[in-house]
Amino acid sequence: MATFLYRLGRGAFRRRRLVALVWVALLFVAGFGAASASAPTSGSFSIPGTEAQKAFDLLDQRFPGMAADGATARIVIKAPEGAKVTDPGTKTEVEKIVSELKSGPGAQQISSVADPYQSQAVSQDGSTAYVSVKYDVSGMELTDAARDALKDSGKEATAAGLNVQIGGDALMETPATGSGEIIGIAVAAIVLVITFGSLIAAGLPLLTALIGVGIGVSSITALANVLDLGSTTSTLAMMIGLAVGIDYALFIVSRYRAELAEGRDRDEAAGRAAGTAGSAVVFAGLTVVIALVGLAVVNIPMLTKMGFAAAGTVVIAVLVALTLVPAILGFAGKKVLPAGTKSRLFGKGRPAGAEPKANGGTRWARFVLRRPVMVLLAGVIGLGIIAIPASKLEMGLPDDGAQPVSTSQRQAYDLLSDGFGPGFNGPLMVVVDGDKALADKTVDQIKGLEGVAAVTPPNLNKAGDAGVITVIPKDRPSSTQTEDLVHEIRAVSGDEVLVTGQTAMNIDFSQKMNDALLPYLALVVGLAFLLLMLVFRSILVPLKAALGFLLSVVAALGAVVAVFQWGWLGSLFGVEQTGPIMSMMPIFMVGVVFGLAMDYEVFLVTRMREAYVHGERPGQAVVTGFQYSARVVVAAAVIMIAVFAGFIGASEQMVKMIGFGLAVAVFFDAFVVRMAIVPAVLALLGHKAWWLPKWLDKLLPNVDVEGESLRKHLDGTADSPEGPDKDRELVNV
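1. Details of the sheet that holds strand β3 (residues 128–135)
Strand pairing within a sheet occurs via backbone hydrogen bonds; the two strands may be parallel or antiparallel. The four strands are arranged β2-β3-β1-β4 in an open sheet whose pairing can be described as antiparallel. Each having just a single partner strand, β2 (110–114) and β4 (163–167) make up the two edges of the open sheet. Taken pair by pair, the neighbouring strands of this sheet meet at an average axis angle of 15 degrees, ignoring direction. Where β2 and β3 come together, four bridges link them in antiparallel fashion. Bridging from a neighbouring strand, alanine 114 pairs with serine 132 of β3.

Given below as structure tokens:
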């Protein structure tokens, strides 16, 4: 592996013009494809194997068009204090809203507009009414004219003194990508300049990462409609691709500068950087790919496609690091040099090849080696305390009730709750696969349940062999009481009665995610354990890596529960409404954070393994690993935290939660687990850390990440006319 990557990196350095041209051509082709493709939609959503999905499938068969995945909106009108929406003046304003929507801009995308006075959408006290609007397309496919018409529909009524608010998914827009990424890139630039002490060296990882992300995201956009990827897929790919792209390039450039500091020529340094740090990049990338592709275990097509698309972006980031980075290093010339050779601030003029002075990483490693038990206990106990709230984790999917109180969606949600009851925002749809007698019997059974506020008479299809019943719960959609009611309806009804609707879909989705967590965790951690065993030729080091990851993820989940479910420090992070944690959050954090955490594990411990294989004692190998890798790992972690933390400022609760959870998880894993617990455990284990049974050592292929075979190869061919010196002559010519 190391020898192959050495040749690849050195070849890319020598043929840098061709390599750069190929990557620029790929970027152009992907960009042209994205520009030519139609705008991505929200993507279809299904949950195979659940009762809610079976009910939707039955609706498609018996009630054509009813289960169509079009956007919906509710325009909620509340009369002033002491007045009613049935008053003549108010009624006129409401009817204006209905008529303008039916005939105004964007009306061609509307399938129906329900007059509240004809559809009985007026509250019992007469204070509130709502207009239901259904569209033929999803919220992200609405034209600007249709969306603007919806937003402006209540302006005249508002001017007349009515409180008009709009809710529903019709206001959903394509997620804006810009602020979070810009913040992450800005912080990354600052961190890279501080780390390298060179604008050229700092700009190189940013440039190559942006090229890789550009190719990946453009390819996803070009294929979005063909593969039904959905608009959120590119957001995930951009978030992960940007983070790993910068990190992988950072690893290669850092090792390249270290090789130059040893006095090697530039082409040789590029080859050795690709052969050593490049090996770590390959296996770190594989762990991320395994984690993302493993999302297929959940058996939710949307998540599977998101995982595969993001994994493709990671593969591109690895290829960019192994080929484009060495090529651009060739163009950079002597401007990319170890800071110590040209800056008094970074190294104070240390001559090339001289032994580097003890840096912060070296001093920290020596401190941990002197007090390994104290550091280990402090790290484990500290994360354990933070993880305690995770034991009270409640999962669900946020609705408009989780929106900021300043939004129209949230105010519409509150007005409906006040006028019609909390459960009105999440009605249940009960589908009966039978005749009218069975439907009437089902209505009677549901009326007897405690958590039911209202039940509508059954709506039968033309054939009379299926019916739909609407059930209004007493409690809000995301409450545990509503979840219990769904289970009770399913328990008292037979196999011919199915419960669906958005609320039931959310409940089934959460349950499916919860059921898939342990199998997914076993698959991802198991495959990564085998992969890390190949890399480190050890059993205890991969085991320690997996256990440390689990500790950091559980601690991060504890922090998420404390902030978003309990409201601790919620105002600091802009949390206006506490509630259940997004159901995909645990499995999403496991997948993404595991892959990213293994980046640090592979890069940091590989350098320790390399030193140990080359004859250093276990303790000294730990110090050597920190001496050369600590600054890079810290820089990579700060960059990744900045990228994720940029999303905390989003108004969308789901985006805010994902950004916070991933940022906290990376912080715990990088600074507590990898920088503290890992060296402490290695110090306590000593030689045992690198133990591998002889029979297993013979079975496992030798991937040579530490570059031992590469070193022997280079030493054996150094004087050969066809060896490295001959290649160097060709480069100089």
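2. Some thoughts on helix α20 (residues 618–645)
A bend of about 55 degrees at serine 629 is the largest found in α20. Among the 28 residues of α20, 21 are classified as buried, and the element is accordingly described as predominantly covered.

3. A few points about a nonpolar patch on the surface
Taken together, Val373, Leu377, Ile381, Ile385, Ile388 and Leu684 make up a surface patch of nonpolar side chains, about 570 Å² in accessible area. Ranked by residue count, the leading element in the nonpolar patch is helix α13 (residues 372–387), at four residues. Tracing the sequence through the fold places leucine 377 in helix α13.

4. Considerations on the packing of aromatic side chains
For the structure on display, the rule yields 10 aromatic pairs. On the basis of an interplanar angle of 70 degrees and a centroid distance of 4.8 Å, the ring pair of phenylalanine 573 and phenylalanine 660 is categorised as edge-to-face. Within this pair, whereas phenylalanine 573 is found in the loop between α18 (540–565) and β11 (581–582), its partner phenylalanine 660 is found in helix α21 (residues 653–685), the two being separated by 87 residues in sequence. Between the aromatic rings of phenylalanine 667 and phenylalanine 671, the centroid separation amounts to 5.4 Å while the plane-to-plane angle is 40 degrees, which identifies the pairing as tilted.

5. Description of the confidence of the model for the protein
For the protein, per-residue confidence averages 82 on the pLDDT scale, and 88% of positions sit at 70 or higher. The secondary-structure element of the protein with the lowest mean pLDDT is helix α24 (residues 724–732), recorded at 35, while α13 shows the highest, at 95. Considering only residues more than four positions removed or in separate chains, one finds that residues 338–354, a stretch of pLDDT under 50, has 28 contacts. Low pLDDT (under 50) marks residues 717–733, which in the prediction has 20 contacts with non-local residues, meaning those over four places away or in another chain.

6. Points about the packing of helix α16 (residues 480–492) against helix α17 (residues 502–536)
In contact at an axis separation of 10 Å, α16 and α17 are set at 95 degrees when each is read in the N-to-C sense. Taken together, the axis directions place α16 and α17 in an arrangement best described as roughly perpendicular. Across the interface between the two elements, Thr482, Glu483, Val486, His487 and Arg490 of α16 pack against Thr503, Ala504, Ile507 and Asp508 of α17. Counted by class, the contact of α16 with α17 contains three nonpolar, three polar and three charged residues.

7. Digging into the environment of methionine 589
Turning to its location among the elements, methionine 589 is positioned in helix α19 (residues 585–613). Residue methionine 589 is classed as buried on the basis of its relative accessible area of 0%. The spatial distance from the C-alpha of methionine 589 to the C-alpha of leucine 662 is 6.6 Å, given a sequence separation of 73 residues. Ignoring sequence-local partners within four residues, the contact set of methionine 589 consists of Val553, Ala556, Leu557, Phe594, Gly661, Leu662 and Ala665.

8. Concerning the pairing of β4
As a general feature of sheets, a regular strand has side chains that alternate between the two faces. Burial analysis of β4 places four of its five residues in the buried class, which makes it a mostly covered element. Pairing of strand β1 (residues 72–78) with β4 involves five bridges; the strand directions are antiparallel. Bridge assignment links arginine 74 to a residue of β4, and that residue is glycine 167.

9. Section: unusual backbone geometry
Backbone geometry at arginine 537 places phi at a positive 50 degrees, although glycine is not the residue there. Within the element layout of this structure, arginine 537 appears in the loop between α17 and α18. Since its relative accessible area comes to 7%, arginine 537 is described here as buried. One non-glycine residue, leucine 569, adopts positive backbone phi at about 55 degrees.

The rules behind these values
Residues numbered from 1 in each chain as written. Predicted model: local features only at pLDDT ≥ 70, side-chain atom pairs only at ≥ 80, totals over all residues. Heavy atoms only, no water. Pairing = 2+ DSSP bridges. Helix = DSSP H or I, 4+ residues; strand = E, 2+ residues; numbered from the N terminus. Axes fitted to C-alpha atoms, helices over the stretch in contact; angles between N-to-C directions. Bend = angle between axes of the 7 residues up to and from the residue. Buried < 20%, exposed > 50% of the residue type's maximum accessible area, 1.4 Å probe, protein only. Patch = residues over 30% accessible without salt bridge, like charges linked within 9 Å, V, L, I, M, F, W, Y side chains within 5 Å. Areas by Shrake-Rupley, 256 points an atom, 1.4 Å probe, with all protein chains shown as cover. Salt bridge = Lys/Arg side-chain N within 4 Å of Asp/Glu carboxyl O. Phe/Tyr/Trp six-rings, centres within 6.5 Å; stacked < 30°, edge-to-face > 60°. pLDDT = per-residue confidence, 0-100. Contact = heavy atoms within 4.5 Å. Parallel < 35°, antiparallel > 145°, perpendicular 65-115°, else oblique. Nonpolar A, V, L, I, M, F, W, Y, C, P; charged D, E, K, R; others polar.

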